[in-house]
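# Overview (structure and organization)
Residue strings, one per chain:
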Amino acid sequence: MAAVTGLLEALRGLIPLTAEGAAARFSAHGWVPGGKPRNGVETSWDKDGVGGWIQTFGGGAVSVSFFVWIRDVDASGYFDDLDAVYEQGERALAGFLPEIERSSLAGHLIAAERTAADADEFIQVEKWTLDGRVLTAGVVQHDADLPVMVVVTLEQPVPHL
C-alpha cells in the first residue's frame, strides 16, 4: 500500500485539490492511466494491483479514491458466506490503517466523527480531516451483487462562498 500512502502524501500538498492536479500526481508517481478520461482528464489509474479513481462534483468538489482490496462475488452472483467476506475486508482494512498512521500524514490527521451516512455506506470505517479535506478508509459493498472493497478516499469539499 506504499503506492497509496505515497500518492496521498503528494496530494496533501496540492492546494486546491483539482482533477487535473491529481491526474498529474498519479502520472508523476508511476500510476498507469486506465483510459477513462472525463472532461479531458484521465480519471482511472492502476499501480501494483491497486486502482485509483478521480471524480469531480458540482461546485468544485473533488474526490480521489483508491481500491486497495477487492473481493468479487462468485459466478452465481453471491458470496458463499457474506459475513466471512466482510470479516476479510475488515482484516484488510485493519492491516492498512497502520500504514496511514505511520506515514508522514500522521501528524496532520485529526480524527473525525462518523456520520449517519457513513454508517449507511460503510461496513467499517475510519475517518479523519487532513488540512481541511476528509480522508476516509473503509469497507464497502454498494449493492448485493457488487464486490466488497476496502477503499481510501481523499475528498476536497465544496468551497464555501
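Residues numbered from 1 in each chain as written. Predicted model: local features only at pLDDT ≥ 70, side-chain atom pairs only at ≥ 80, totals over all residues. Heavy atoms only, no water.

### Considering the side chain of Ser-44
So the rule is basically this: Put simply, DSSP marks the helices as runs of H or I at least four residues long and the strands as runs of E at least two long, and each gets a number from the N terminus on. Relative accessibility under 20% of the residue-type maximum defines a buried residue, over 50% an exposed one, and the middle range a partly exposed one, all with a 1.4 Å probe and only protein chains included. Contacts are residue-level and defined by heavy atoms, with any inter-residue pair within 4.5 Å sufficient.
Mapped onto the fold, Ser-44 is located in strand 4 (residues 44-47). For Ser-44, a relative accessible area of 15% puts it in the buried group. The contact partners of Ser-44, leaving out residues within four places of it in the chain, are Val-32, Pro-33, Gly-34, Lys-36, Gly-52 and Trp-53.

### Remarks on the sheet that holds strand 5 (residues 50-56)
Applied cut-off: Following DSSP output, two strands are said to pair if at least two bridges run between them. With axes taken as lines fitted to C-alpha atoms, and helix axes fitted only over the stretch in contact, angles between N-to-C directions fall between 0 and 180 degrees.
Spatially, 1-4-5-6-10-9-8-7 is the arrangement adopted by the 8 strands of the open sheet, whose pairing is antiparallel. At either end of the open sheet lies a strand with only one pairing partner, and these are strand 1 (32-33) and strand 7 (109-111). Direction of pairing for strand 1 relative to strand 4: antiparallel, over a ladder of 2 bridges. Looking across to strand 4, one finds that Val-32 is bridged to Asp-46. Strand contacts of helix 1 (residues 2-12): strand 4, strand 5, strand 6 (62-71), strand 8 (122-130), strand 9 (133-140) and strand 10 (148-156), with the helix running at about 175 degrees to strand 6, the strand carrying the most contacts. Of the strands in this sheet, strand 4, strand 5 and strand 6 are in contact with helix 2 (residues 19-28), which crosses strand 5 at around 165 degrees.

### Comments concerning the side chain of Ser-103
On the secondary structure map, Ser-103 appears in the loop between helix 3 (82-102) and strand 7. Other than its neighbours up to four places away in sequence, Ser-103 contacts Thr-5 and Glu-9.

### Considering the layout of surface pockets
The following threshold applies: Residues are said to line a cavity or pocket when one of their atoms sits within 4 Å of a point; the points come from a 1 Å grid over protein atoms alone, cavities being sets where a 1.4 Å probe fits but cannot get out and pockets being open sets with protein on both sides within 12 Å along at least five of seven lines. Grid points are joined across faces, edges and corners, and a volume is the space filled by probe spheres set on the points.
Approximately 440 Å³ is the volume attributed to the largest pocket. Lining of the largest pocket is provided by 23 residues; of these, Ser-63, Glu-121, Phe-122, Thr-153 and Glu-155 occupy positions nearest its centre. Breaking the lining of the largest pocket down by element, the ones donating at least two residues are strand 6, helix 4 (116-121), strand 8, strand 9 and strand 10. At 5 residues, strand 10 tops the list of elements feeding residues into the lining of the largest pocket.

### Quick word on the packing of aromatic side chains
Note the following rule: Each pair of aromatic rings taken from Phe, Tyr and Trp, with Trp reduced to its six-membered ring, is defined by centres within 6.5 Å and is described as stacked if the planes are under 30 degrees apart, edge-to-face if over 60, and tilted in the remaining cases.
The tally for this structure, following the rule as stated, stands at 4 aromatic pairs. Taking 5.2 Å as the distance between ring centres and 5 degrees as the angle between the ring planes, the aromatic pair formed by Phe-26 and Trp-45 counts as stacked. Of this pair, Phe-26 sits in helix 2 while Trp-45 sits in strand 4, placing them 19 residues apart in sequence. In this structure, Phe-26 and Trp-45 share a single accessibility class: buried. When the centroid spacing of 5.8 Å and the interplanar angle of 40 degrees are considered together, the rings of Phe-26 and Phe-66 count as tilted. Taken as a pair, Phe-26 in helix 2 and Phe-66 in strand 6 lie far apart in primary sequence, 40 residues in all. Here Phe-26 falls in the buried class, since its relative accessible area comes to 0%. Through a chain of ring-to-ring contacts, three or more aromatic side chains come together here, namely Phe-26, Trp-31, Trp-45 and Phe-66.

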